[in-house]
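Given next are the chains, with one letter for each unit.
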Amino acid sequence: MIDAHTPDAEHPGTGGVAGADPAAGDPRVLAVTVPADSTRLPGLRGRLGRWLDGRGVGGLLRDDVVLAADEAVANSVEHGYRERPGGLVGVTVTVLEESVTLVVVDHGAWKPPAPGREDARGWGLKMMAGLAERLDVVHANGRTTVTAHFRRDPGWRG
């Protein structure tokens, strides 16, 4: 269903989070690769929610991180791999004392929404930006990287 992966130059994994090392089995980092297939989203949501619970990230913050991950991966499936099915999406979450960072990376060929689908579309990035303290989206070097930064203090959504 979901396989652990080792970040490399193509998938930096931690999004530049200092001191976090998924390759070394760092318990603060979950790094997985999922097939670009929307039927895999429920498994990803469940695994990520349980993993966050196990690191003391619960309530609204957990829900926000899971929802942002779900939306980012769904966007990769729909937009990044629409014309090239069978791709992979890297998902990395780093939990530190004061923050949670979500990084989603795909190597798809992003296309605008199909004609006739614009009316109810286009809210995913806005929603993720509303959930996170900061959202960065970078299309470069044949990949798209979405990084969502969440604060972990009591004043920030749970």
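Refer to the structure presented above.
Parameters and conventions
- Residues numbered from 1 in each chain as written.
- Predicted model: local features only at pLDDT ≥ 70, side-chain atom pairs only at ≥ 80, totals over all residues.
- Heavy atoms only, no water.
- Helix = DSSP H or I, 4+ residues; strand = E, 2+ residues; numbered from the N terminus.
- Buried < 20%, exposed > 50% of the residue type's maximum accessible area, 1.4 Å probe, protein only.
- Contact = heavy atoms within 4.5 Å.
- Areas by Shrake-Rupley, 256 points an atom, 1.4 Å probe, with all protein chains shown as cover.
- Phe/Tyr/Trp six-rings, centres within 6.5 Å; stacked < 30°, edge-to-face > 60°.
- Lys NZ or Arg CZ within 6 Å of the ring centre and 35° of its normal.
- Arc of directions from axis to C-beta.
- Salt bridge = Lys/Arg side-chain N within 4 Å of Asp/Glu carboxyl O.
- Pairing = 2+ DSSP bridges.
- Core = buried A, V, L, I, M, F, W, Y, C linked by side-chain atoms within 4.5 Å.
- Axes fitted to C-alpha atoms, helices over the stretch in contact; angles between N-to-C directions.
- Parallel < 35°, antiparallel > 145°, perpendicular 65-115°, else oblique.
- Left-handed = near helix turned anticlockwise from the far one by under 90°.
- Nonpolar A, V, L, I, M, F, W, Y, C, P; charged D, E, K, R; others polar.

## What about the overall build of the protein chain?
Moving on, step 1. Scanning the protein chain from N- to C-terminus turns up three helices and six strands.
Moving on, step 2. Written out in order from the N terminus, the α and β elements of the protein chain read β-β-α-α-β-β-α-β-β.
Moving on, step 3. Counting all 158 residues of the protein chain, 45% fall into the buried class.
Moving on, step 4. Within the protein chain, contacts between residues at least 6 apart in sequence are counted, and of these 67% link residues at least 24 apart.
Moving on, step 5. For the protein chain, the exposed area adds up to about 7900 Å²; of that, 53% sits on carbon and sulfur atoms.

## Focus: the packing of aromatic side chains
Moving on, step 1. Using the criterion set out here, one finds zero aromatic pairs in the structure.
Moving on, step 2. Sitting above the plane of the Trp 123 ring, Lys 126 keeps its charged end 4.6 Å from the centroid.

## Here's the deal with helix 3 (residues 124-131)
Moving on, step 1. Residues of helix 3 that are buried include every one of Gly 124, Met 128 and Leu 131, and no others. Buried positions in helix 3, seen along its axis, are confined to an arc of 60 degrees and lie on one side of it. The outward face of helix 3, more than 90 degrees from its buried face, is lined by the exposed residues Lys 126 and Gly 130.
Moving on, step 2. In this fold, the buried residues of helix 3 make contact with helix 2 (59-80), strand 5 (134-140) and strand 6 (143-151).

## Focus on the pattern of salt bridges
Moving on, step 1. Using the criterion set out here, one finds six salt bridges in the structure.
Moving on, step 2. Residue Arg 151 is joined to Glu 133 by a salt bridge in which the shortest nitrogen-to-oxygen separation is 3.3 Å. Of this pair, Arg 151 sits in strand 6 while Glu 133 sits in the loop between helix 3 and strand 5; the two residues are 18 residues apart in sequence, bridging distant segments of the chain.
Moving on, step 3. Between Asp 136 and Arg 134 there is a salt bridge; the shortest N-O distance is 3.0 Å.
Moving on, step 4. Asp 136 sits in the partly exposed class, given a relative accessible area of 27%.
Moving on, step 5. Residues participating in the shared-partner salt-bridge network are Asp 53, Arg 62 and Asp 63.

## Concerning the pairing of strand 2 (residues 29-35)
Moving on, step 1. Across the seven residues that make up strand 2, a large majority, six, are buried.
Moving on, step 2. In the sheet, strand 2 pairs with strand 3 (residues 88-95) via seven bridges, with the strands oriented antiparallel. Across the sheet, Val 34 pairs through a bridge with Val 89, a residue of strand 3.

## Here's the deal with the nonpolar core
One broad rule of soluble globular proteins: the nonpolar side chains tend to lie buried together.
Moving on, step 1. Counting residues in each nonpolar core, the largest one holds 32 residues, and the members touching the most others are Leu 48, Leu 52, Val 73, Val 93, Leu 102 and Phe 150.
Moving on, step 2. Of all the elements in the fold, those that place two or more residues in this core are strand 2, helix 1 (41-54), helix 2, strand 3, strand 4 (99-106), helix 3 and strand 6.
Moving on, step 3. Ranked by residue count, the leading element in this core is helix 2, at eight residues.

## Digging into the packing of helix 1 against helix 2
Moving on, step 1. Put simply, helix 1 and helix 2 touch, their axes get as near as 10 Å, and they point 150 degrees apart. Put simply, helix 1 runs roughly antiparallel to helix 2. Taken as a pair, helix 1 and helix 2 cross one another with a handedness that is right-handed. Note on element contacts: helix 2 touches helix 1 through Arg 62, Val 65, Val 66, Ala 69, Asp 70, Val 73 and Ala 74, opposite Leu 41, Leu 44, Arg 45, Leu 48, Gly 49, Leu 52 and Asp 53.
Moving on, step 2. Grouping the constituent residues of the contact of helix 1 with helix 2 by class yields nine nonpolar, one polar and four charged.

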